[in-house]
Amino acid sequence: MGKIIAVVNQKGGVGKTTTAVNLTAALHDLGLKVLLCDFDPQANATSGLGIDKRKIKRDVYDVIIDDVPVQEAAISTKFGDVLPSSADLAGAAIELIGIPDCNYRLRNALNAVKDQYDMILIDCPPSLELLTLNGLAAAEGILVPVQCEYYALEGLSDLMSTLRMVKKRINPGLEIFGVALTMFDGRTNFSTQVAQEVRKHFPGKVYSAVIPRNIRLAEAPSHGLPVTAYDRSSKGALAYKAMAAEIKAKL
């Protein structure tokens, strides 16, 4: 039975979607059956794995609002399966308010296909609202990308407060699955200091593989490819492959 992990950080621009997309592809390359649930209305994870958003007939909005089975909305790609998103999801937070068990719509949907995958990754929105709560309610663990820059640690206290609230009221079993250091610049002492601080805050949870600042990582989404396919020998690709290997070993 697969493990459901929410990739979450309420701070934008930390490499959340980049991490979700590239770990999906890297884990798929390692032989795991992976489903990436794009739960962000921007749908960047959907396009990041080569899916044309204009041609999608059903997406995660239909799954959580109209009870469409995940199997009918999921799309198979050569990098793993994707439950796509669309701009329709932006209004779902309002629509969910009037639906019974509104916090558990995504969990109920994903649990129905959980045994078909080794891992399900949920790319959550960069905010702490009802959609993100659905993602956290569905997950067994969270994977937190942390940017190696000045403001990185400030938002973590808010995220940890939310995690404690979700554990208390919605999902008692939710734990930190891992912390991914992203946008690491080895030329600066400051990136190293932030990395050390994060490792101190989350002992045993921070992956050894560190994701560097890398132009190939920035270019890959515009080609609808994960970096592991766009430039397999780039530093970004090698880092995500190494992180995927750590995750597989953990599973």
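The coordinates are above.
These remarks concern the structure in this document. The structure displayed is predicted, hence computed values, not measured ones.

To continue, consider the pattern of salt bridges. Applying the stated criterion to the full structure yields 15 salt bridges. In this structure, Lys 16 and Asp 40 form a salt bridge, with 3.8 Å as the shortest nitrogen-oxygen distance. Linking Lys 16 in helix H1 (residues 16-29) with Asp 40 in the loop between strand S2 (34-38) and helix H2 (44-48), this pair joins segments that are 24 residues apart in sequence. Judged by its relative accessible area of 7%, Lys 16 falls in the buried class. Residue Arg 216 pairs with Asp 231 through a salt bridge whose shortest N-O separation is 2.9 Å. Here Arg 216, found in helix H10 (residues 215-219), pairs with Asp 231, found in the loop between helix H11 (227-230) and helix H12 (235-250); they are 15 residues apart in sequence, far enough to count as distant. The exposure class assigned to Arg 216 is partly exposed, which follows from its relative accessible area of 30%. On the basis of relative accessible area, Asp 231 is assigned to the buried category, the value being 17%. A single salt-bridge network, built from bridges that share partners, covers Lys 3, Lys 114 and Glu 140.

Positionally, Thr 46 belongs in helix H2. Residue classification places Thr 46 among the buried positions, given a relative accessible area of 0%. At 3.0 Å, the side chain of Thr 46 and the backbone nitrogen of Ser 85 are in polar contact. Leave out the neighbours within four places in its chain, and Thr 46 touches Asp 38, Ile 51, Lys 53, Ile 56, Pro 84 and Ser 85.

Turning our eyes to something else, we now look at the layout of surface pockets. Its volume calculated, the largest pocket comes out at about 300 Å³. Gly 15, Lys 16, Thr 17, Thr 18 and Asn 44 are, among the 21 residues lining the largest pocket, the residues nearest its centre. Among the elements that take part in the lining of the largest pocket, H1 stands out by supplying five residues, more than any other. Its residues assigned to classes, the lining of the largest pocket comprises nine nonpolar, nine polar and three charged. Within this model, the second largest pocket holds a volume of roughly 190 Å³. Taken together, Gly 15, Thr 18, Thr 182, Met 183, Ile 211, Pro 212, Arg 213, Asn 214, Leu 217, Ala 218 and Tyr 240 form the lining of the second largest pocket. Its residues assigned to classes, the lining of the second largest pocket comprises six nonpolar, four polar and one charged.

The rules behind the values
Residues numbered from 1 in each chain as written. Predicted model: local features only at pLDDT ≥ 70, side-chain atom pairs only at ≥ 80, totals over all residues. Heavy atoms only, no water. Salt bridge = Lys/Arg side-chain N within 4 Å of Asp/Glu carboxyl O. Helix = DSSP H or I, 4+ residues; strand = E, 2+ residues; numbered from the N terminus. Buried < 20%, exposed > 50% of the residue type's maximum accessible area, 1.4 Å probe, protein only. Polar contact = N/O pair within 3.5 Å; in protein donor to acceptor, adjacent residues only side chain to side chain. Contact = heavy atoms within 4.5 Å. 1 Å grid on protein atoms, 1.4 Å probe; cavity = no way out; pocket = protein on both sides within 12 Å on 5 of 7 lines; lining within 4 Å. Points joined across faces, edges and corners; volume = space filled by probe spheres on them. Nonpolar A, V, L, I, M, F, W, Y, C, P; charged D, E, K, R; others polar.

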